[in-house]
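Observations on chain architecture
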Amino acid sequence: GPAMIVWTTVGALVPSGRVLREIDLAPGRRVLLLLCCGFVTGGAVVLSYGRVRAMSLYEVGTLASLERATRLDPGSYRIQLRTADSYLAIGKCKEAQRHAGAARDLFPHAPAPKRLLAQCPA
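Description of the structure in this document. (Residues numbered from 1 in each chain as written. Predicted model: local features only at pLDDT ≥ 70, side-chain atom pairs only at ≥ 80, totals over all residues. Heavy atoms only, no water.)

A disulfide bridge is the covalent bond that connects two cysteines by way of their sulfur atoms. Evaluated as defined, the whole model comprises one disulfide. Note that cysteine 93 is cross-linked by a disulfide to cysteine 120, the S-S spacing being 2.2 Å. When the S-S torsion is -85°, as for the bridge of cysteine 93 with cysteine 120, the disulfide is left-handed. Of this pair, cysteine 93 sits in helix 5 (residues 93-106) while cysteine 120 is found in the segment after helix 6 (111-118), placing the two residues 27 residues apart along the sequence. Owing to a relative accessible area of 23%, cysteine 93 belongs among the partly exposed residues under this scheme. Since its relative accessible area comes to 7%, cysteine 120 is described here as buried. In this model cysteine 36 remains outside any disulfide bridge; the closest cysteine sulfur is found in cysteine 37, 7.0 Å from its own. (Disulfide = S-S within 2.5 Å. Helix = DSSP H or I, 4+ residues; strand = E, 2+ residues; numbered from the N terminus. Buried < 20%, exposed > 50% of the residue type's maximum accessible area, 1.4 Å probe, protein only.)

Pasting the structure below:
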C-alpha cells in the first residue's frame, strides 16, 4: 500500500553509497511529529472507511442508499453513474443531470454520462 510507495521513494532518493545519519529531535518536536503523523493516518482511515461504507450502500441499491453513498464518496464514478441512472428511471431529470454531470466531470470522455445527460431535456 501507501507505505510501500513511501519507502520505495525514500530509497530511490537516497544517494548511492551514502549512509543516512540519525537526526536528534527535541522531545517537543518528536511529539509534534507524532501528532502530525497521527492526524494524517487518522484522516486516511476516515476517508477509507467512507469509501468502504459508500460501496456497501451502493450494493443495497435503493435510491436513498445511493444518495448517501454519493455523499460519502463523491469521487466515485460508478456510484454517481448508478445514482443518475436510478433517478432517470423514475423520471427525475434534475437529479439525474446532477449525478450524471458529476460522473462526466470525473471522466470527461466516458460515453455513459453523456448518454444519460442526453436523455433529459436541457
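What follows is about the packing of aromatic side chains. What the rule picks out here adds up to one aromatic pair. Judged by centre distance (4.9 Å) and plane angle (85°), the ring pair of tyrosine 77 and phenylalanine 107 falls under edge-to-face. Taken together, the residues tyrosine 77 in helix 4 (residues 77-89) and phenylalanine 107 in the loop between helix 5 and helix 6 connect sequence positions 30 residues apart. In this structure, arginine 82 packs its charged tip against the face of tyrosine 58, placed 4.6 Å from the ring centre. (Phe/Tyr/Trp six-rings, centres within 6.5 Å; stacked < 30°, edge-to-face > 60°. Lys NZ or Arg CZ within 6 Å of the ring centre and 35° of its normal.)

Here we take up the nonpolar core. Grouped together as the largest cluster of nonpolar side chains are 10 residues: Leu81, Ala84, Tyr87, Leu88, Ala96, Ala100, Ala103, Ala112, Leu116 and Cys120. Mapped by element, the contributors of at least two residues to this core are helix 4, helix 5 and helix 6. In terms of residue count, the dominant contributor to this core is helix 4 (four residues). Among the nonpolar cores identified, the runner-up in size contains six residues, and Tyr58, Leu66, Ala69 and Ile79 belong to it. (Core = buried A, V, L, I, M, F, W, Y, C linked by side-chain atoms within 4.5 Å.)

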